[in-house]
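Observations on the three-dimensional arrangement
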Amino acid sequence: MLRRLIEAFASGSSISSWNTFAVMSMTFSATQRVHFTAILVLLLGIHGTGIATAEPIIPVTSSMAMEELIVLAQAWPNAKDLLSAASNRYPVEWVRGQCMVGFVGQWSACSDLQLEQHVQLARAHPDVMVGAVRHGIVSFRVDAYHLEAVEQLGLSYVELASKAQPDLTRLLYGTRVDSVHAGWNLPQAYTGEDVLIGVIDWGFDYTHPMFYDTALVASRIRGVWDQFRQSGPAPVDYAYGTEALTPASIADLASDTANVYSWATHGTHVAGIAGGGGAGIGLLGVAPSAEFLFATFLVDEAAAMDAMAWMQSVAEADDKRLVINMSWGLPQFGTQDGQALINQFIDGLSAEGVIFVSSAGNNGGRDFHIDKTFTGDTLRSRVQFYPQSAHPYMWGQNLTLWGEPGAAFDAGFLLTSSGTNVVEESPWFSTETGPWFLDSTLVYDGDTIIYDLAVEQAHPVNGRPFMRFRIRKGSSSLGVGLQATADEGRLHCWNIVHLSNDVGNWGQDFQSVGGAWTAGDDQYGVGDPACTESVIAVAAYYSEYLNPLGNEGGGTLASFSTIGPTLDDRLKPDLAAPGLSVASSISSFTDGNYNLFTSTEFEGVTYPFAKLSGTSMSSPAVAGVAALLLEADPTLSAAEVREILHITARADDHTGEIPLGGSTTWGMGKVNAYRAVQQVLGLNDLETWRFGAIPSRFELRPNPAHDVLWLQHRTPQQFSGAVQWFLRDTQGRILRKGIHTHNAAEISLEGLPSGAMLLEIWEENEPPEVIRFVKL
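Residues numbered from 1 in each chain as written. Predicted model: local features only at pLDDT ≥ 70, side-chain atom pairs only at ≥ 80, totals over all residues. Heavy atoms only, no water.

**Description of the sheet that holds strand β38 (residues 734-740)**
Formally: At least two DSSP bridges between two strands are needed for those strands to be called paired. Helix and strand assignments come from DSSP, with helices taken as H or I runs of at least 4 residues and strands as E runs of at least 2, each series counted from the N terminus. Each axis is a line fitted through C-alpha atoms, taken for helices only over the stretch in contact, and angles between the N-to-C directions span 0 to 180 degrees.
Taken together, four strands build an open sheet; the order of strands is β38-β37-β40-β41 and the sheet is antiparallel. Edge positions in the sheet fall to β38 and β41 (769-775), since each of these pairs with one other strand and no more. In this sheet, adjacent strand axes meet at a mean angle of 20° when their direction is disregarded. Pairing analysis gives six bridges linking strand β37 (residues 723-729) to β38, with the strands arranged antiparallel. From the neighbouring strand, glutamine 724 faces β38, where its bridge partner is isoleucine 739.

**Some thoughts on the pairing of strand β22 (residues 436-444)**
Strand direction decides the pairing type here: β22 and strand β23 (residues 447-456), joined by nine bridges, are antiparallel. Within β23, the position partnered with tyrosine 444 by the bridge is aspartate 447. Two successive antiparallel strands, β22 and β23, enclose a turn made up of two residues, where aspartate 445 displays a positive phi of approximately 50°.

**Notes on helix α15 (residues 673-681)**
Worth spelling out the cut-off: Under the scheme applied here, a residue whose accessible area is under 20% of the maximum for its type counts as buried, over 50% as exposed, and between as partly exposed, the area being computed with a 1.4 Å probe on protein chains only.
With seven of its nine residues buried, α15 lies for the most part within the structure. For α15, the set of buried residues is Ala673, Tyr674, Arg675, Ala676, Val677, Gln678 and Val680. After α15 finishes, the residue glycine 682 shows a positive phi value of roughly 75°.

**Observations regarding the environment of valine 128**
What counts is decided by this rule: What makes two residues a contact is simply this: any of their non-hydrogen atoms within 4.5 Å.
Inspection of the secondary structure assignment puts valine 128 in strand β3 (residues 128-134). Here the alpha-carbon distance between valine 128 and leucine 147, two residues 19 residues apart in the chain, equals 9.3 Å. The contacts of valine 128, once residues within four sequence positions are left out, are Arg96, Ala122, Phe140, Arg141, Val142, Ala149 and Leu153.

**Topic: the pattern of salt bridges**
Short version of the rule: When a carboxyl oxygen of Asp or Glu is within 4 Å of a side-chain nitrogen of Lys or Arg, the pair counts as a salt bridge.
Summed over all chains, the structure comprises 21 salt bridges. Measuring nitrogen to oxygen at the nearest pair gives 3.8 Å for the salt bridge that ties arginine 470 to glutamate 68. With respect to class, arginine 470 is no different from glutamate 68; both count as buried. Glutamate 425 is the partner of arginine 380 in a salt bridge, and the nearest nitrogen-oxygen pair spans 3.9 Å. Pair noted here: arginine 380 is in strand β17 (residues 378-383) and glutamate 425 is in strand β20 (residues 421-425), with a separation of 45 residues, a long-range link. On the basis of relative accessibility, which here comes to 33%, the residue glutamate 425 falls in the partly exposed class. Here the residues in one salt-bridge network are Glu533, Asp568, Arg570, Lys572, Asp574 and Arg642, joined through shared partners.

**A short note on the environment of valine 60**
Structurally, valine 60 can be placed in helix α4 (residues 60-75). Along the primary structure valine 60 and glutamate 159 are separated by 99 residues, whereas in three dimensions their C-alpha atoms are 9.1 Å apart.

**What about the packing of helix α14 (residues 638-648) against α15?**
Filter applied, for reference: Under this scheme an angle from 65 to 115 degrees is roughly perpendicular, one under 35 degrees roughly parallel, and one over 145 degrees roughly antiparallel; angles in between are oblique. Two helices cross in a left-handed way if the nearer one is turned anticlockwise from the farther one by less than a right angle. They cross in a right-handed way if the turn is clockwise.
Interaxial distance between α14 and α15 falls to 9 Å at its minimum, and their mutual angle equals 125°. Classified by the angle their axes make, α14 and α15 are oblique. α15 is crossed by α14, and the crossing has right-handed handedness. Contacts from Ile644, Leu645, Ile647 and Thr648 of α14 reach α15 at Arg675, Ala676, Gln679 and Val680.

This is the structure:
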C-alpha cells in the first residue's frame, strides 16, 4: 500500500488522492507515517506544488515557552508526570493517551489546493493532531516530546495557544427584553425560537431544569462537546473529547468533567442568563426558546477555535442561525489590537454568519495601564504586586509593553526601598536587538528577584515593537519599578497578575511615588477575544428595576467593568448590559462556593440558583438579545446584528450623552432589545420614547392612586385632539385600554391589583410616551 501511494503521488497529486492518503495512512504504523511524510515532502518539492518547507515565524513569547517545555520534557520522561508538571502554566492536555501542547498557526499565500495538501500532510504526522481549519488559520496539538514537529508542517506563522480565564428579573427589565417577550406593539412575542446559542465555557450541568423548555417537558440542549472527557466518541472532525448529540446521550453524561477549574459552574450560570427556560420558578433567560450547544474547552485558544468550528458545523447541519458567547479572556498573549490569529479566525466565521459576543473584562477601576508619548524622556512607575499569599498559584507580575511600528524603545526595571530610594537596577534592554528572550535574576542584599523577558523588534503579527517582563519577588519587601525611554513614539504598558497556571487576568496598579514617577490609568483594558472587530464586546452595569413605589433604581456602571478602547484605538466595548448580582442557574455538581439565592426540586434533585457579578454575566444577556433578533429575521448578517444593537442602544442619566463614535465606558449605550427588534421589523419610523430621555407631555394624578387616575395634557393648547392609552403591568401585559378626545381623562383602576404599573400614551404626530405610577 505504501509503495502504491508513493507511486500515485509521484505521478501528480490531487485533492482526491490527498483524501485517499488521509484515510489510508491512518492504517500505517507511526514509523511508516514518518517515512511517508518525509518522502511526500521530497516528491511535492520535485513536482512543484509550492508547499513551503521553510521554518515558520514564531513570536518570542512562544519560542520562550517552547524552550521551557523542552526542558521539562527532558526532566520528566513519563508523559503523565510531564502533564502534571506543565499543566498549570502551559496549554498542555492529556489527549489520545499523550501529553499534547496546543498551538495556533497560519498557512499564508497559498492556493486552495496547496492549503488542502498542507492540511492533509499535517493530519498524517504521527505527533500532530489537527483541529479547526478556517481561511488558512489552524488549531493543532503536538506531542510535548516532539515539538520539532511544529517546524515540519509548512506553516508560515505559529504561536503557542493562549490560556483562557473566566470573566465573572431585573435583567429582563433593564435590557427591555420583557417587552419583547410580551410582544408589546410587535407582531408577536420573540423568545429565540429556531436559534442556537453556543456557550464555550466550563462547568455545565446538562440536567438543570433551566435548560428545559418553559413547560419542563424536553431539554433544549442540542449538543455538547466535553473536550476534557477522553472516553469518546469524539466529534467526526476532531480526535479528542466526547461529543453527545442526542437527548439520551446528553442525559447519560449528566455534566461535564472536572478540569483546571474543578467541578465548575460558570458555564451553567452564563447559559441560564442567555436562554434559561425559568426552571418552573419564573427565572427566565433572555432567549428561553433557543436551543443550546455547550463546549467545555481545554482552557486555551486552540481548543476554543475548535469549539467555534464544531458549533458552526452543527448549526449548518440543522440549518439554524448561531450565536456564540465567550465569557472569558486571553490576558497573557495576543496583540490587543484585533490582529492575532484568533481574531482573524473569528472574523472569518463572522463573515460566514456566526454572531460572537464576549465579555469586555473585569479590570475597571484598576490603574493597570500607562499611555506614554516620548520626547527623549524617561518613564518610571512603581509596579503594584498582588499579595503572594492571596492566591495558591500566585507567581508575580506580567508587564506587557507595546510600542508604535518603527519606533523602538528601551526598558528595564529597578528595585526600591523606602518609596523612591533606588537600590538596584536591571540592565536596559532595547527592542532594536530583538527577537530574543532570557531568564535571569537580580540580587540585592540577600533578596533574589527572578524575571524573564521576551523582546520583539517588530512583532510578526502587527509590526509593533514589544517587550514582556515577568517578575517574581516572592516575600521580598523591595519595591519594583518599571522604567522605559525612547527618542519618540507612543508606548502602552499593562501590569497583569501572572499565576503559575498562566490564567491570571486581573490588573494591578502602576503607581506614582512622587517626583517624576507616573501613575497608571484604567484605560485600554479590552483584550482578546473581545478586541476582535466583529465581536460584540459587552460592558456591565447594575440593572434598573422598579421599587414598590414605582420609582426606578439601579442603572449605574459596575465598578469592575473594563474600559476601552483597543490598542489601535477602535471602539470597545460595543455595548453595556446588566452584569451585577445577576441571578441564574448553578450546577448541581459544583464543588465551588456560592451564596444560595433560591433552589427548586426537579425529578428528585435540588437545583440551586445564585447571583454572580462580572462582564461574564452581561455578555450572555446580549447573546440572548442577538438570538431574539435572529428569530425576528434569520437572514441578518453578523455585521447587521452588531450595527442594529449599536444604533438602538439607549442612553440615560447614568450613561450621559454618548459621543457619536461611542463611549470607551458604555460603548454605544445600554442594550435595548425592544428597540432592536423594532428596528429589525421596520417599526422604528417614529422615534421611540426612551425612559427619562424627554420631558413628559402628560401629567398623571394622583400618583400613587387608589381607584381613579386622571390623565391630563400639560399644555392644553397643544393637545392634538385624540389620545390612545394602554394600561400595562411591569411585564408589558395590557390590563386596560382606551381612547379619549378631551384634554383630561378619567381612568378607572377599580379591581386591579396593587403595585407598579405603566401607562403607555399615543398621541397623533407625537412619539409614544410611557409614565410609571403606583396603584395602592
